[in-house]
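Commentary on secondary and tertiary structure
Take a look at the letters that make up each chain.
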Amino acid sequence: MEQIGIELHSKIIPRENGPNSTWFFLTKELEKLFLGGQQMSAYVISAVAPSGYAEHWYDINWTKCYQEVKKLQARIVKATKEGKQRKVKALQWLLTHSFSGKAIAVRRVTENQGKKTPGIDKVIWPTPIDKYKAIKTLKRRGYKPKPLRRIYIPKSTGNKKRPLDIPCMIDRAQQALYLLALEPISETKADSNSYGFRPERSTADAIQQCFKVLAKKCSPQWILEADIQACFEKISHNWLIEHIPIDKEILRRWLKAGYLEKQRLCPTEEGAAQGSIISPALTNMTLDGLQERLAMTCGKVSYKGGWTVPKVNFVRYCDDFIVTGASKELLENEALPVIKEFLSERGLSLSPEKTKITNIAQGFDFLGQNVRKYNGKLLIKPSKKNIQAVLTKIRSIIKDNKAAKQINLIYLLNPVIKGWANYHRHVVAKETFAKVDYAIWQALWRWCCRRHPQKRGRWIKHRYFHSIGTRNWIFAAPTDEKRLDGTTVMKTLHLASDIAIQRHIKIKAEANPFDPAWEYYFEDRHGRKMRENLAGYKKLIRLWLDQNRRCCVCRQLLTKETGWHVHHIIRRVDGGNDASGNLVMVHPNCHMQIHNLGLKVTKPAPERGL
């Protein structure tokens with residue numbers, strides 16, 4: 001044990017703050033927390049040492065990095081549930097000062113869509129050398145964030161624009177690092193029916209929750225549609241610094257960094273920058289607690305000691321939320337004052353234009369869907385505004401590409417059509433899909449006729465529209481690819497009506513992706529998602545064939561009748577990924593045995609050999 005302690009101690013990175021009282025307190029606390037006052041374990045030491053001691057970006061052991069970060073996040077979740085705030089702070093310090101956390105933070109900001117967008121310093125990290133050097137620059141001591149670069153982007157409604165503040169790369173990486181330590185806490189304490197900007201949750205979950213609370217005959221008939229006015233720009237800095245469980249000094253520096261607009265430095269006295277990585281988490285934590293406040297204020301204590309709420313339900317997606325009630329008076333006189341008081345404590349207020357009380361028979365729009373009861377039956381359809389927006393976008397693409405090749409136009413339109421249809425495939429949208437397809441056909445026919453004003457309709461039809469299989473009038477163009485029989489492969493335009501309608505299974509309200517206890521649940525959920533798309537189906541087929549069509553545990557055949565589950569060899573909470581090398585297919589009962597008995601599963605050699 002002494003040899004291990006000496007060997008590991010020699011590999012520790014020198015601490016950044018020097019020998020002061022803070023370091024002494026942290027060291028003593030860690031000894032108590034992890035080993036009851038004994039010597040630190042190899043795991044704790046490795047968290048603050050370079051993972052694999054790599055000297056280059058490509059030498060980093062990413063599996064070990066993710067494992068170390070996931071383990072610390074799981075410990076943060078456990079400590080948060082137990083109410084041990086000092087332990088939470090110690091674990092956060094370990095995570096934000098670890099090589100693994102810093103490497104993952106740099107990887108996140110250099111591999112997302114904004115990796116080529118610089119801040120005011122015009123610096124990006126495009127090369128592996130730049131990325132590895134960036135890891136060493138992530139230090140708390142002497143860190144001072146730079147002002148944000150402000151630009152304006154158009155809003156989805158009207159000609160108004162909203163501000164977007166772009167931090168420098170170093171500030172993005174620092175925020176991504178501290179977000180790794182903050183997100184486990186925010187997920188543990190979050191409102192159960194909050195779905196915006198949270199891992200493993202989506203708008204489909206929020207819409208499904210609306211269906212759940214409004215579909216029955218005895219469901220509430222009145223809905224308060226609420227929208228917070230300038231939510232990101234108006235959050236109180238004092239409230240954030242006082243209540244967000246993160247390094248207070250670092251958070252204060254981010255909030256007070258200011259922004260640069262037209263070469264003029266402007267101070268920030270309130271709000272969280274919309275372009276920052278950590279801002280969605282800060283906003284969610286600011287609004288968390290509203291669901292419980294409504295339940296306590298509008299509800300009554302039952303004879304069992306719990307809260308009985310008179311049909312008051314709460315569904316929130318970021319700063320948009322709805323509150324249901326048994327009557328209009330309940331929402332006006334009880335719920336609305338509670339919401340206003342809750343928001344005023346955080347420097348926020350409701351938008352008068354977008355906040356209103358509606359009867360379910362009239363319906364309301366929420367997250368691009370229209371929720372309404374028709375003769376007592378609840379139907380959720382794509383909203384008229386959303387349909388008009390996608391058709392306007394498609395028509396503008398067609399209009400802006402009057403002289404483009406047909407195949408290039410298809411490549412531009414397919415992502416828009418398929419993405420919009422996939423978003424609405426969980427609601428009553430089949431009839432809407434057919435109407436949208438017809439509107440797109442009309443726009444394409446006008447595009448074709450404009451290109452050939454002297455040609456007849458029959459000639460245009462044969463030139464641009466083809467018969468493929470049993471279908472006619474398919475907008476398609478030939479490619480350079482050939483099939484085995486020598487025929488040309490055609491690139492076809494996607495139809496919205498080709499997307500199958502499928503009911504979305506809502507995530508469990510209390511599910512936490514950072515808690516190891518939910519590992520089996522999220523494995524099953526990810527397996528279901530794989531079955532819903534063609535790419536995932538192909539991956540499952542490969543797994544099934546590589547295992548010789550047999551379960552890795554009992555060695556019995558995997559069939560449709562027996563069913564199957566996808567198991568991660570290295571758990572996702574321990575840093576495992578969804579690559580084929582980390583997945584095996586097992587029977588549902590065998591999957592339960594793996595988790596209950598702690599069995600270790602190894603991936604068998606493929607049937608085709610090594």
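Attention in this report is confined to the structure presented alongside it. (Residues numbered from 1 in each chain as written. Predicted model: local features only at pLDDT ≥ 70, side-chain atom pairs only at ≥ 80, totals over all residues. Heavy atoms only, no water.)

What the protein contains, in helices and strands, is 22 helices and 18 strands. A burial count over the protein gives 47% of its 610 residues as buried. Contacts in the protein between residues far apart in sequence, at least 24 positions, make up 68% of those at least 6 positions apart. On the protein, roughly 32400 Å² of surface is accessible, and the fraction owed to carbon and sulfur atoms is 53%. (Helix = DSSP H or I, 4+ residues; strand = E, 2+ residues; numbered from the N terminus. Buried < 20%, exposed > 50% of the residue type's maximum accessible area, 1.4 Å probe, protein only. Contact = heavy atoms within 4.5 Å. Areas by Shrake-Rupley, 256 points an atom, 1.4 Å probe, with all protein chains shown as cover.)

Our next topic: the packing of aromatic side chains. Pairs of aromatic rings are described using the distance from one ring centre to the other and the angle between the two planes. Taken as a whole and judged by the stated rule, the model has 19 aromatic pairs. Arranged with centres 6.5 Å apart and planes meeting at 45 degrees, the rings of tryptophan 62 and tyrosine 66 form a pair that is tilted. One end of the pair, tryptophan 62, and the other, tyrosine 66, are both in helix H4 (residues 62-82), 4 residues apart, so they sit about a helical turn from each other. On the basis of relative accessible area, tyrosine 66 is assigned to the partly exposed category, the value being 27%. For the pair tryptophan 518 and tyrosine 521, a centre-to-centre distance of 5.4 Å together with 80 degrees between the ring planes defines the contact as edge-to-face. Assessed through its relative accessible area of 17%, tryptophan 518 is described here as buried. Linked through ring pairs, Tyr438, Trp441, Trp445, Trp447, Tyr464, Phe465, Trp473 and Phe475 together constitute an aromatic cluster. The ring of phenylalanine 342 carries arginine 346 above its face, with NZ or CZ at 3.7 Å from the centroid. The ring of phenylalanine 211 carries the charged tip of arginine 503 above its face, separated from the ring centre by 4.8 Å. (Phe/Tyr/Trp six-rings, centres within 6.5 Å; stacked < 30°, edge-to-face > 60°. Lys NZ or Arg CZ within 6 Å of the ring centre and 35° of its normal.)

We now examine a nonpolar patch on the surface. A surface patch of nonpolar side chains, about 260 Å² in accessible area, is lined by Tyr537, Ile541 and Leu545. Tracing the sequence through the fold places isoleucine 541 in helix H21 (residues 534-546). Since its relative accessible area comes to 33%, isoleucine 541 is described here as partly exposed. (Patch = residues over 30% accessible without salt bridge, like charges linked within 9 Å, V, L, I, M, F, W, Y side chains within 5 Å. Salt bridge = Lys/Arg side-chain N within 4 Å of Asp/Glu carboxyl O.)

Let us now look at the state of the cysteines. Scanning the model with the defined rule gives 0 disulfides in all. Cysteine 231 takes part in no disulfide bond, and the closest cysteine sulfur to it belongs to cysteine 318, at a distance of 6.1 Å. The structure places no disulfide on cysteine 448, whose sulfur is separated from the nearest cysteine sulfur, that of cysteine 449, by 6.7 Å. For cysteine 448, a relative accessible area of 0% gives the class buried. (Disulfide = S-S within 2.5 Å.)

Phi is positive for alanine 230, which is not a glycine, with a value near 50 degrees. Along the polypeptide, alanine 230 turns up in the loop between strand E3 (222-227) and helix H10 (231-234). Looking at alanine 230, the relative accessible area reads 33%, which means it is partly exposed. With a phi close to 60 degrees, glutamine 263 is a non-glycine residue in the positive phi region. Position of glutamine 263 relative to the elements: it lies in the loop between strand E4 (259-261) and strand E5 (264-266).

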